[in-house]
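Each chain is listed here by its residues.
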Amino acid sequence: MTTEPPTGNEWDYYLRISSHLAGQVEIRAALRSVKAEIENILPLDHLDVCLMDDDEIWNTSYEVGLRTRWSRSRSLVAMSPVRDVLLGKSDFMLTGNAMEDPRYTFPGALSQPILKHKLRSRVNVAMKVLGRTIGSLNCSSRTADLYDDTTVERVRHVADVLAPYFYALRAAEKARGAAIVRAEAQAREEGLRLGALQLTQALEQERQRIGMDLHDQTLADLTRLMRDISRSDEDMDREMILSRLQDCIQDLRRIIDTAVPTLLEMFGFVHAVRIHLERAVGDEGNVSIAVIDETENAPDRLDATTRIALFRIVQEAINNAANHSGADRIVVRIENDEGLLVSISDNGTGISPRDSSGSGRKTTGGLTHMRTRARLIAADFRIVEKDGTRIEIRPSEAVPSAAPPSRKRSGDRMTG
């Protein structure tokens, strides 16, 4: 087909299209800006542009007029109703009724918008830059047999105006996307580095705490016992010695259980949390506690690293609630809420810093450790203060499915 030059009036439309494109930085906005001028050249109900990806296997659509599935996600060029244009088999396609044209409705074709919106008349023209097809300009109308060869020429002129602009905008869009990906990767790397540093500091503090516990408690008790035995002129009461040794053994067990979550490995997450909650609260009769699992032990289906980190966060939250909140109710809940969600709730004083009088709740160090552990396993960490404090941890790892969940309550103790 020989391309006829535009007439004088048509030149005005194309010049205005170019002026509308000037300053546009986003493809959809650019397409919207020229739609009215294109409608002055030919009637249409839908206007869209398909742009090829670099691999020439996928294409991305941008549309104005109707909102269809074409622009919702990338699609395979081989499944596109305009594949002949995109693959360079033809410079244009023209039909009076695309709903019955096998070029548009072949098996597997993404022709649902054509059928749904009754886009009968269609003209599709290749958009080229330096002789290479970069995409397709597509005009559609619900009226049958509306377009002809003259329409093709007009759309070809529009495509020639749009192609270099859209090619440049697509390149800029890809560059912005690549820059965002790099920035996010750098942010994650820096976050992990800082998180690892903070966790190292936390572990060093934990080692120091264990050493102090051993020195100030177990070692001191054993030293006193040895001194009493060495100084005694008479045989000491066997039962008394056994009792004091038993106390030392219990202290060692407590320190070991704090350092290594053996209960977690032996009996599972829910049981370990319940035992820790009972120990944290102690024998005080004015605190009611509950561990509620609605997930059929979902935390035990996490990988070992995530499960231990989650348990450590829960431990810290329980310790904070038991030791600093002044609460008389502490509840740990494990539930399915668009993924695994573990929460620790208390009806205490909140987490505002300790005031000058020494009252209030001091949690800065514990919160830092919890946030650090959550960040290192890519878990969402959230604090809600309403009628007390609620700490929520949502691991990013998907939990393998199990039997249909049923409500299970573990370790509920109501007192006071």
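Structure shown above.
The shown structure was predicted, so the numbers you read here are calculated from the model rather than taken from an experiment.

A.B. asks: Explain the overall build of the protein chain here, please?
C.D. replies: When its secondary structure is counted, the protein chain shows 10 helices and 12 strands. In the protein chain, once contacts between residues fewer than 6 apart in sequence are set aside, the share between residues at least 24 apart is 64%. Surface accessibility of the protein chain: about 22200 Å² in total, with carbon and sulfur atoms responsible for 52%.

A.B. asks: Which parts of the structure should I look at to understand the layout of surface pockets?
C.D. replies: Unfilled space is identified by rolling a water-sized probe across the atoms. Volume-wise, the second largest pocket comes out at about 160 Å³. Lining the second largest pocket we find Leu51, Met52, Asp53, Asp54, Arg132, Ile134, Phe166, Tyr167, Arg170, Ala171 and Lys174. Elements with a contribution of two residues or more to the lining of the second largest pocket: strand 1 (46-52), strand 6 (132-141) and helix 5 (149-231). Tallying contributions element by element places helix 5 first for the lining of the second largest pocket, with 5 residues.

A.B. asks: So what exactly am I meant to see when it comes to a nonpolar patch on the surface here?
C.D. replies: A cluster of nonpolar side chains, contributed by Leu222, Leu242 and Leu245, occupies part of the molecular surface with about 230 Å² of accessible area. Relative to the helices and strands, Leu222 resides in helix 5. Classification of Leu222 as partly exposed rests on a relative accessible area of 37%.

A.B. asks: Which parts of the structure should I look at to understand empty space enclosed by the protein?
C.D. replies: According to the stated counting rule, one finds 1 cavity of 30 Å³ or more in the structure shown. As a volume, the largest cavity reaches approximately 80 Å³. If you trace the largest cavity, you find it lined by Asp48, Cys50, Asn59, Ser61, Trp70, Ser75, Ser80, Pro81, Val82, Leu110, Arg122 and Asn138. Looking at the lining of the largest cavity, the elements that each hand over two or more residues are strand 1 and strand 2 (58-64). Here the residues of the lining of the largest cavity sort into 5 nonpolar, 5 polar and 2 charged.

A.B. asks: Teacher, can you tell me more about helix 2 (residues 27-41) here?
C.D. replies: Since there are 3.6 residues in each turn of an α-helix, residues three or four apart along the chain are aligned in direction. Its 15 residues give helix 2 an end-to-end C-alpha distance of 21 Å, which sits within 8% of 21 Å, the value for a rise of 1.5 Å per residue. The largest bend in helix 2 comes to about 40°, at Lys35. Burial in helix 2 covers these residues: Ile27, Ala30, Leu31, Val34, Lys35, Glu37, Ile38 and Ile41. With a side-chain oxygen lying 3.2 Å from the backbone nitrogen of Arg28, the N-terminal cap of helix 2 falls on Glu26.

The rules behind each value
Residues numbered from 1 in each chain as written. Predicted model: local features only at pLDDT ≥ 70, side-chain atom pairs only at ≥ 80, totals over all residues. Heavy atoms only, no water. Helix = DSSP H or I, 4+ residues; strand = E, 2+ residues; numbered from the N terminus. Contact = heavy atoms within 4.5 Å. Areas by Shrake-Rupley, 256 points an atom, 1.4 Å probe, with all protein chains shown as cover. 1 Å grid on protein atoms, 1.4 Å probe; cavity = no way out; pocket = protein on both sides within 12 Å on 5 of 7 lines; lining within 4 Å. Points joined across faces, edges and corners; volume = space filled by probe spheres on them. Patch = residues over 30% accessible without salt bridge, like charges linked within 9 Å, V, L, I, M, F, W, Y side chains within 5 Å. Salt bridge = Lys/Arg side-chain N within 4 Å of Asp/Glu carboxyl O. Buried < 20%, exposed > 50% of the residue type's maximum accessible area, 1.4 Å probe, protein only. Nonpolar A, V, L, I, M, F, W, Y, C, P; charged D, E, K, R; others polar. Expected span 1.5 Å × (residues − 1). Bend = angle between axes of the 7 residues up to and from the residue. Polar contact = N/O pair within 3.5 Å; in protein donor to acceptor, adjacent residues only side chain to side chain.

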